[in-house]
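Topology and contacts: notes
Residues per chain are reported as follows:
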Amino acid sequence: MQRILRRFILIGLVWTCAAGSALAYTPTDPNFLSPEYGKDWKTLETPHFSIHHVASNKEFARRLGAIAERVHDRLSSWLGWQPWLKTQVVILDSIDLSNGATTVIPYNQFYIYMPTPVEGEIMDDEPWLEYVFTHEYTHVLHLDMVSVFPKIARYIFGRALWIPPVTFTFPNMYVPSWEKEGLAVYSESNNKEGFGRLNNAWYEAMMRMEVQRGLRTLTEVSYDGYSCSRWPCGQNYLYGAYFFKFIAEKYGRDQVADYVKNYSSEVMFGKPMRTLWEEYQDYLRQRFEPQLAAIAKKSGVHARPVYDVPYNNKFLAAAGNGDLFFYHDDESSQQKIYRLHADGSTEALFDASETQDIDWQDDAGMLLSQLTVCDNVKAYADLYHWQPGMSDPERLTHCGRYPIASWRPDGQAIAAVQLDGGLSRLVLLDAHGGQAQTLAQLPAGDALGHIAWSPDGNRIVASVKRLHTGWNLELFDVATRQWQTLTMNRDLEIRPRFSSDGRFIYFLSDHDKVWNLRRMKLGNKQVETLSNTLSAIEEAVAMP
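Residues numbered from 1 in each chain as written. Predicted model: local features only at pLDDT ≥ 70, side-chain atom pairs only at ≥ 80, totals over all residues. Heavy atoms only, no water.

**Regarding the nonpolar core**
For clarity, the threshold we go by: What makes a nonpolar core is a set of buried Ala, Val, Leu, Ile, Met, Phe, Trp, Tyr and Cys residues whose side-chain atoms join them at distances within 4.5 Å. Only protein chains enter the accessibility calculation, which uses a 1.4 Å probe; a residue is then buried when its area is under 20% of its type maximum, exposed when over 50%, and partly exposed in between.
In this structure, Phe133, Phe243 and Tyr280 are the most contacted members of the largest nonpolar core, which totals 65 residues. The next biggest cluster of nonpolar side chains, apart from the first, holds 33 residues, and it includes Ala415, Leu426, Val478 and Leu530.

Okay, here's the thing in structure tokens:
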């Protein structure tokens, strides 16, 4: 396996995704990440959708069915388009990532992968199902939309892409990716509930950094949107979303739909497109430069870079001697796990394609979660183990579905989050990844994020999303199997870790719409903000 792709490709057709993620390595089996034909499939029919699901996921499909018609009514009336036939929706549990993928050839269809996002730009307090459904159905309406001569041609020749006259019957397939993805992100965020990327602190942080470093031109975004030539990646999503927000605020929300219907690369709203883009850039500066100034005035701890080789450095784990382990991806070669020694020197340890998380215990070594091909058609997260002297990690579990895991402080057991059918549970395994026992099963609508042990091994702190209260921190008592609420607010709170003495919990949150490092004192639950970043703190580890 080589890398996470940003597009799904089938028969030469580029699929449009919610937040591109799929294994670049594709087994020879053409059914990889597709519906498993041997399963007991059922179909839930609604007025505008056929929702296909495995029989065991019936309740999940019912929840989606209730969402589907509500989203259809809102989006179809806004964009002024209704597909001629029902849209086919497939619920899949074949990958331990959160995503969706859409195509309109040979008919309108999209996949929804069931896991709930537990961090990153698509993490949200609101239900994942409505979020991803809104995004993907916006793609359907946008790409399916047609008028005048292309509409007549489609009526005559149908939707067979390989017939030459049909290639122009889906005109919106040929617009720049920033328009396709930007419209979907704007659509997912245009709601009373406040979910979607344009309402979250990650997107604010990414665009703040773009304003600080210099905004990209229309040409750059149009031809380089899918690359990762500088952070943040996925700039077609970012610039496209804020562009439609700019159009809505300057010209009115209805003008967003009119823009999509009348798209031209030359003139929009009576002015050249490049002039409109320059106005958009001015809008971004006026919006984000005051944010940069306000954040800069606040006090915060001093920070210095210890490793700044581009492009992607994450998954931090600290050793007792002060060494730091982390994942590095330079976007041009194999992803690797590095060791940053206390003296500042670094060494590459081993290849780490599709790594999801790591943890370190001085005696036991490194624990990794990696996406692995399972049953030749699925991509599930399994646990791996590595110690100094080993050339590569050894596999501990097989199709276990453990995207997050943590050593018990004595290194003799592992706590892990396990996924299955859109549900998550907290499990305990032995040091070899066996003898799994369920500690806690979360109900439908709840989700379990990152976890960490207390120094005495008696409790586990976790980021937990409850259906009606969003993401908060909770303590789990291993002996009594009881949860204790630590926070209850509308902040997103992730990646909790205990201090070495067990008195504090460090965590990240989007408090005040900026992702910073925070610390809670367990005795009185008082919280203080430790960092003051212009962008976003994505991960943190307390060094011994």
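Moving on, there is more to tell.
**Examining unusual backbone geometry**
Cut-off, in case you're wondering: For helices the rule is a DSSP run of H or I covering at least 4 residues; for strands it is a run of E covering at least 2, with both sets numbered from the N terminus onward.
The peptide bond linking Ile105 to Pro106 adopts the cis configuration, its omega dihedral lying at 0°. For Pro106, the location among the structural elements is in the loop between β7 (99-103) and β8 (109-113). Phi is positive for Phe315, close to 55°, though the residue is something other than glycine. With respect to the helices, strands and loops of the structure, Phe315 is situated in strand β11 (residues 312-318). The exposure class of Phe315 is buried, given its relative accessible area of 5%. Although it is not a glycine, Asp375 sits at a positive phi angle of roughly 55°. Looking at where Asp375 falls in the secondary structure, it is placed in the loop between β16 (365-374) and β17 (378-386).

**What to know about the sheet that holds strand β25 (residues 470-477)**
Selection rule: Following DSSP output, two strands are said to pair if at least two bridges run between them. Here, axes are lines fitted to C-alpha atoms. For helices the fit covers the stretch in contact, and angles between N-to-C directions go from 0 to 180 degrees.
The four strands are arranged β23-β24-β25-β26 in an open sheet whose pairing can be described as antiparallel. Since the sheet does not close on itself, it has two edges, and those belong to β23 (447-453) and β26 (482-485), each with one partner. Strand-to-strand twist in this sheet, taken as the mean axis angle between neighbours without regard to direction, amounts to 30°. In the sheet, strand β24 (residues 459-466) pairs with β25 via eight bridges, with the strands oriented antiparallel. The residue of β25 that forms the bridge with Arg459 is Asp477.

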